[in-house]
Amino acid sequence: MKEHKLYLGLEKGVALVTAGSRGIGRAIAHRLATEGMTVVAASRSVSEPEIVGDGRIESWAHDLGDSDATGQLVQKVVDEFGRLDVVVLNTPGPRILPVLDTNWSDWQLAHDLLLRPVVQLGNAAGAVMRGQGEGSIILLSSTWVRQPAPGGVLSASYRSAASAYVKALASELAPIGVRVNQVMPGATGTDRMQGILEMKSANNGTTIEEEVAKVVKDVPLGRWAEATEIADSVAFLASPRASFITGTSLVIDGGAVRAAH
Ligand SMILES: NC(=O)c1ccc[n+]([C@@H]2O[C@H](COP(=O)([O-])OP(=O)(O)OC[C@H]3O[C@@H](n4cnc5c(N)ncnc54)[C@H](OP(=O)(O)O)[C@@H]3O)[C@@H](O)[C@H]2O)c1
């Protein structure tokens, strides 16, 4: 991946990015490492450590569905590296289903992967950063919080709760200099997007190209995002360049959501 440096003042810091092996999470891990950070990318699959410019990515095996392990993850990073400057709360996406097709186990699974880890990791990171007197937490959320889409009830419901959670955390941690924000990506080209397109194509009897056209037709910029474009904004919000920004939600969707924020 070709990268330019943004000179954000993140060098020598330590970051944790969950769900960081592929897609948006991996792009964020790579961007933060490019800025000189040591990044723990935690997900079920692991890869070799990667040197990126002055920084590096350490790949740690972690299942966000394991609540005991998730409760200990932040402390493990601090034990290994001595501090924690940035935490990116990324999660896998839930099933795409019409509301009446969901059953209770779908809701429980979505809760256990989208909301519980966010609260566990946010609380643990907040406590560490309160002790340090600095740090930055970023929730990777979705425009579906602002504008729910067909089939997106599990995502929109639990992300709305996670969104409320990080706003409360932002208020409580602001007086001691810890910032908490969220980014809300719209359509972004990743494995998950490809899987959704294939599912819709099969369900609707359409081609992938027709499903792509449906996705981008409501995006004023006329395309979806690259994961690196989400990562650039996350790195900015994580950095000292965003030192007066907390409690905010940044929509990154090519202009698709036009509702007042
Ligand atoms: N792509 C979009 O258009 C879009 C738009 C808005 C919001 N989002 C949201 O952004 C998040 C990332 O999406 P993406 O498109 O980057 O997805 P993706 O390409 O499918 O990547 C998903 C990531 O989640 C990890 N993961 C899956 N299950 C896990 C588990 N149990 N424990 C730990 N890690 C796990 C995967 O790694 P392993 O398989 O190695 O565990 C992978 O790194 C999702 O919540 C998605 O809903 C995506």
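Throughout this description, residue numbers start from 1 for each chain and increase along the sequence as written. Owing to the predicted nature of the model, reporting of local features is limited to residues with pLDDT of at least 70; listing and counting of side-chain atom pairs is limited to 80 or more, with chain, interface and lining totals taken over all residues. Calculated side-chain values reflect all of the structure's heavy atoms, with hydrogen atoms and water omitted.

(A) Local environment of the environment of Met-193. Runs of E in the DSSP output that reach at least two residues are strands. Runs of H or I that reach at least four are helices, and both are numbered from the N terminus. Relative to the helices and strands, Met-193 is located in helix α5 (residues 191-204). When accessible area is computed with a 1.4 Å probe and restricted to protein chains, residues below 20% of their type maximum are described as buried, those above 50% as exposed, and intermediate ones as partly exposed. Judged by relative accessible area, Met-193 falls into the buried class, the value being 11%. Put simply, Met-193 and Val-212 are 19 residues apart on the chain and 9.7 Å apart in space, counted from C-alpha to C-alpha. Residues count as neighbours in contact if any of their non-hydrogen atoms are within 4.5 Å of one another. Not counting residues up to four positions away in its chain, the partners in contact with Met-193 are Ala-187, Thr-188, Val-215 and Trp-224.

(B) Local environment of the environment of His-30. Looking at the secondary structure, you find His-30 in helix α1 (residues 23-34). Judged by relative accessible area, His-30 falls into the buried class, the value being 7%.

(C) Broad picture of α1. Here a helix's expected span is defined as the number of its residues, less one, multiplied by 1.5 Å. Along its 12 residues, α1 runs 17 Å from first to last C-alpha, staying within 8% of the 16 Å computed at 1.5 Å per residue. Among the 12 residues of α1, 11 are classified as buried, and the element is accordingly described as predominantly covered. When we look at burial in α1, the residues that qualify are Ile-24, Gly-25, Arg-26, Ala-27, Ile-28, Ala-29, His-30, Arg-31, Leu-32, Ala-33 and Thr-34. Residue Gly-36 follows α1 closely and has a positive phi angle near 100°.

(D) Broad picture of the nonpolar core. For the purposes of this section, nonpolar cores are sets of buried Ala, Val, Leu, Ile, Met, Phe, Trp, Tyr and Cys residues that join through side-chain atoms within 4.5 Å. With 36 residues, the main nonpolar core has Leu-16, Leu-84, Leu-89 and Ile-137 as its most contacted residues. Mapped by element, the contributors of at least two residues to this core are β1 (14-18), β2 (38-43), α2 (67-81), β5 (86-89), α3 (104-132), β6 (135-140), α4 (153-173) and β7 (178-185). In contact with Leu-16, other than residues within four places in its own chain, are Val-40, Ala-42, Leu-73, Val-74, Val-77, Leu-84, Val-86, Val-87, Val-88 and Leu-121. Within the second largest apolar cluster, 30 residues are counted, among which are Met-37, Ala-41, Leu-140 and Val-183.

(E) Quick peek at the side chain of Asn-90. Checked against the element boundaries, Asn-90 lands in the loop between β5 and α3. Filtering out sequence-adjacent residues up to four positions away, Asn-90 remains in contact with Thr-18, Ala-19, Gly-25, Leu-64 and Leu-140.

(F) Region of interest: empty space enclosed by the protein. Definitions used throughout: a 1 Å grid over protein atoms alone; a cavity as a set of points that fits a 1.4 Å probe which cannot get out; a pocket as an open set with protein on both sides within 12 Å along at least five of seven lines; a lining residue as one with an atom within 4 Å of a point. Grid points are joined across faces, edges and corners, and a volume is the space filled by probe spheres set on the points. The final tally for this structure, using the stated rule, is one cavity of 30 Å³ or more. Taken as a whole, the largest cavity encloses approximately 30 Å³ of empty space. Every residue along the wall of the largest cavity is listed here: Thr-91, Leu-114, Val-118, Leu-139, Leu-140, Ser-141, Arg-159 and Ala-162. Of all the secondary-structure elements, those providing two or more residues to the lining of the largest cavity are α3, β6 and α4. Residues are grouped as follows: nonpolar covers Ala, Val, Leu, Ile, Met, Phe, Trp, Tyr, Cys and Pro; charged covers Asp, Glu, Lys and Arg; every other residue, Gly included, is treated as polar. Its residues placed into classes, the lining of the largest cavity shows five nonpolar, two polar and one charged.

(G) Layout of unusual backbone geometry. Residue Lys-12 is not a glycine yet carries a positive backbone phi of 75°. The topology assignment puts Lys-12 in the segment before β1.

(H) Representation of the site of the ligand. Think of it this way: one heavy atom of a residue within 4 Å of a molecule or strand is enough to make that residue near it. In the neighbourhood of the ligand, 29 residues make up the surrounding shell, with Ser-21, Ser-45, Thr-91, Arg-159 and Thr-190 lying closest. Pairing of N or O atoms within 3.5 Å defines a polar contact, subject to two protein rules: one partner must be a possible hydrogen donor and the other a possible acceptor, and residues neighboring in sequence count only if both atoms are side-chain atoms. Here an oxygen atom of the ligand sits 2.8 Å away from a polar atom, N or O, in the main chain of Thr-188. The separation between an oxygen atom of the ligand and a polar side-chain atom of Thr-190 is 2.5 Å. Coverage of the ligand by the protein amounts to 91% of the 890 Å² it exposes when considered alone. Broken down by secondary-structure element, the contributors of at least two residues to the shell around the ligand are α1 and α5. If you tally residues by element for the shell around the ligand, the top one is α5, at three residues. Each accessible area value is a Shrake-Rupley result obtained with a 1.4 Å probe; residue values ignore everything except the protein chains displayed when judging cover.

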